[in-house]
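A look at the structure
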Amino acid sequence: NLDQPLDLNDGAKLDLGSTAKLRTLATYCEIVTELYHRFSRMSDDALDEVLDNKPDALTAWVVGWLKTHADYTLAALLDDALLRKYSANPGETFFTGGGDHLFNNFDPKDDARIVTLAEALRKSINLPFIRLMRDIINYEMAQGPNPRREVLGDPDNPARMEYLERFAENEGLIFLNSFYGRYHGLSPEAAFAVLMRQGERRSAALAAIFRSVFPAAPEKEFLRYVRELQPKHPRSEEALRKSFAHYPVDRFNLADRAYIAGVHPLEMWLAEYLIKNPKATRKQVQEASRPARIASYAWLFNSGKTAQDSRIKILLEQDAFAALHARWQRHGYPFERLVPSLATAIGSSADRPGALAELMGIIMNDGMRLPMVRANYINFAMGTPFQTMMARKPAQGTAVMHPMVAKTLRTALRDVVANGTAKRLDGAFTAPDGSPLVIGGKTGTGDHRFDEFGKGGALIASRVVNRTATLVFYVGDRFFGSITAFVAGEQAANYRLTSALPSQ
């Protein structure tokens, strides 16, 4: 509704930076708790068997911890979980989000350090959280019917073909949508002309395209069309006749015909489909194209294991992030998907200030998710015979986080204020008796921009979209919320926002 002002708290999608580390840490503590309940009653022999099967890093650590702590409790396990150490070295290349990525720390002085998760949260160091997210995603990959190790380790695993077909469908759809914009709305004649211009000019290429689109057309139609297409570059009629005879549509599959023509297989398929079905909608095209999408990736099904594994890893990661998304949604995450990249740990999937406040409310209420209420009651026509009071019926909360996880997170957030990036808040508020109120929080800064890269990865241009600085906090045992400083548009390039601004 254009008549309503934009509510940045509940209506925007913003890069809120390192506040995502709080969501990541909450998920980590949740997984550690799950593993505790799964393995804490096992004998040492049973735990040894789990370790012998080389589980993911988080499972291995929890099982190893249980073996060496005779008088274990969940509280002690979670305390030690925050003391696990990760490298802050930015020199590692991470395969995530479909490609290789490098990440940096805000302060280069941290680059050579190995720090605990508690310190990484306190000082908002990026690389430990990238590596923690990798462990979380590997844990999710190890769950379910097709664990990563089994799919990638066994070249004969039947699930591999399912993943490869899915990859072909998904990536093929990306290409198909781009070609759809080129051909949609054209007449059959115009669409065919565009396809012929996209292909190579060799006689074989022209014949492969023509016979793919018009398999029943006679040779004379092909000769006429080529002369009209390239009147200034006459072709040898003998070469054209030979090519026409050599490339009937039933002699080569889609991928081979496209290779001969010098066009993408899905562009050839789409042009042919729209020429025969000029009124087809995008949805109809997508539904009809499934066999063609798979056929255009015949090379992938026949390629070596290494090439296949890299594609399967992309889908395994996407599935793992879908599982992570379900966890985040239980804690109030407001969007329909996460960016399937380890960069989600440092804010690439965006957030909302209101949703972060709701997460803090869950942590404050020992894991109970309660409704976010704007008014408890409304009093109409006060002082008149028509006065009416409407009160909100108390709603029951839903347990979405283990109480011990919530307690652990409160302690970690308290450390951020006492010794970390939100230290300006320490001691800011006192109770009526003069005693200082306990304050906890997490800061984050977002720099949303579009970067354009050229040959060799060189940065050509950078356009700033907006910048944010956010603090999500609790004060005492009943107050919580978030504060966000926000600058929109290219003018945001003139601002250098830090966590000190909302904290102050």
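Just so it is clear, the model here is predicted, and its values are computed rather than measured.

**Section: the overall build of the chain**
A tally of regular secondary structure across the chain gives 22 helices and 11 strands. The C-alpha atoms of the chain give 30 Å as radius of gyration, which overshoots the globular expectation for 504 residues (23 Å, by more than 25%). By its C-alpha atoms, the chain is 100 × 75 × 50 Å across when sized along the principal axes. When the 504 residues of the chain are sorted by exposure, 46% land in the buried category.

**So, the sheet that holds strand S9 (residues 439-453)**
Reading across from one edge, S9-S10-S11 is the order of the three strands in this open sheet, with antiparallel pairing throughout. Among the strands making up the open sheet, the edge pair consists of S9 and strand S11 (479-488). Averaged over all adjacent pairs, the angle separating strand axes in this sheet is 15°, with direction ignored. Where strand S10 (residues 459-475) lies against S11, 10 bridges are found, and the strand directions are antiparallel. Paired with Leu471 across the two strands is Ile483, which belongs to S11. Set on the sheet, helix H21 (residues 403-419) makes contact with S9 and S10; between it and S9 the angle comes to about 75°.

**Quick look at helix H4 (residues 57-68)**
Here H4 contains 12 residues, and its C-alpha end-to-end distance of 17 Å stays within 8% of the 16 Å for a straight helix at 1.5 Å per residue. Three or more residues of H4 are buried, namely Leu58, Thr59, Val62, Val63, Trp65 and Leu66. Mapping the buried residues of H4 onto a view down its axis gives an arc of 160°, with all of them on the same face. The N-terminus of H4 is capped by Asp56, whose side-chain oxygen sits 3.2 Å from the backbone nitrogen of Leu58.

**Considering the pattern of salt bridges**
Within this structure, the stated rule accounts for 29 salt bridges. Residue Arg374 is joined to Asp10 by a salt bridge in which the shortest nitrogen-to-oxygen separation is 2.7 Å. Of this pair, Arg374 sits in the loop between strand S5 (368-369) and strand S6 (377-380) while Asp10 sits in helix H1 (residues 8-11), and the two are 364 residues apart along the sequence. Judged by relative accessible area, which is 73%, Arg374 ranks as exposed. The residue Asp110 makes a salt bridge to Arg113 at a minimum N-O spacing of 3.4 Å. Judged by relative accessible area, which is 11%, Asp110 ranks as buried. Owing to a relative accessible area of 27%, Arg113 belongs among the partly exposed residues under this scheme.

**Concerning the layout of surface pockets**
In this structure, the largest pocket encloses a volume near 1,600 Å³. Lining the largest pocket are 40 residues; nearest its centre among them are Asn104, Asn126, Ile346, Thr445 and Asp447. Those elements that place two or more of their residues in the lining of the largest pocket are strand S3 (99-101), S9 and S10. Element by element, the count of residues in the lining of the largest pocket is highest for S9, at six residues. Grouping the constituent residues of the lining of the largest pocket by class yields 11 nonpolar, 19 polar and 10 charged. In this structure, the second largest pocket occupies an estimated 460 Å³ of space. Top element by residues in the lining of the second largest pocket is helix H20 (residues 353-364). It accounts for seven residues. When its residues are assigned to classes, the lining of the second largest pocket shows 11 nonpolar, six polar and six charged.

**Quick notes on empty space enclosed by the protein**
The tally for this structure, following the rule as stated, stands at two cavities of 30 Å³ or more. The computed volume of the largest cavity comes to approximately 50 Å³. Around the largest cavity, the lining residues are Tyr183, His184, Gly185, Leu186, Ala191, Leu274, Pro278 and Ala280. Tallied by class, residues from the lining of the largest cavity come to six nonpolar, two polar and no charged.

**Comments concerning the side chain of Arg211**
Looking at the element boundaries, Arg211 is found in helix H11 (residues 203-213). Here Arg211 is in contact with Phe244, Ala245, Tyr247, Pro248 and Val249, once residues within four sequence places are set aside.

**Here's the deal with the packing of aromatic side chains**
The tally for this structure, following the rule as stated, stands at 15 aromatic pairs. Ring centres of Tyr333 and Phe335 lie 5.6 Å apart, and the angle between their planes is 85°; on these two criteria the pair is classed as edge-to-face. Across the pair, exposure class does not vary: Tyr333 and Phe335 are buried alike. Taken together, the aromatic side chains of Phe192, Phe210, Phe214, Phe222, Tyr225 and Phe244 make up a single cluster linked through ring pairs. When the ring centre of Phe335 is taken as reference, the NZ or CZ atom of Lys13 above it lies at 4.8 Å. Against the face of Phe244 rests Arg211, its NZ or CZ located 4.1 Å from the ring centre.

About the criteria used
- Residues numbered from 1 in each chain as written.
- Predicted model: local features only at pLDDT ≥ 70, side-chain atom pairs only at ≥ 80, totals over all residues.
- Heavy atoms only, no water.
- Helix = DSSP H or I, 4+ residues; strand = E, 2+ residues; numbered from the N terminus.
- Rg over C-alpha atoms; globule rule 2.2 N^0.38 Å.
- Buried < 20%, exposed > 50% of the residue type's maximum accessible area, 1.4 Å probe, protein only.
- Pairing = 2+ DSSP bridges.
- Axes fitted to C-alpha atoms, helices over the stretch in contact; angles between N-to-C directions.
- Contact = heavy atoms within 4.5 Å.
- Expected span 1.5 Å × (residues − 1).
- Arc of directions from axis to C-beta.
- Polar contact = N/O pair within 3.5 Å; in protein donor to acceptor, adjacent residues only side chain to side chain.
- Salt bridge = Lys/Arg side-chain N within 4 Å of Asp/Glu carboxyl O.
- 1 Å grid on protein atoms, 1.4 Å probe; cavity = no way out; pocket = protein on both sides within 12 Å on 5 of 7 lines; lining within 4 Å.
- Points joined across faces, edges and corners; volume = space filled by probe spheres on them.
- Nonpolar A, V, L, I, M, F, W, Y, C, P; charged D, E, K, R; others polar.
- Phe/Tyr/Trp six-rings, centres within 6.5 Å; stacked < 30°, edge-to-face > 60°.
- Lys NZ or Arg CZ within 6 Å of the ring centre and 35° of its normal.

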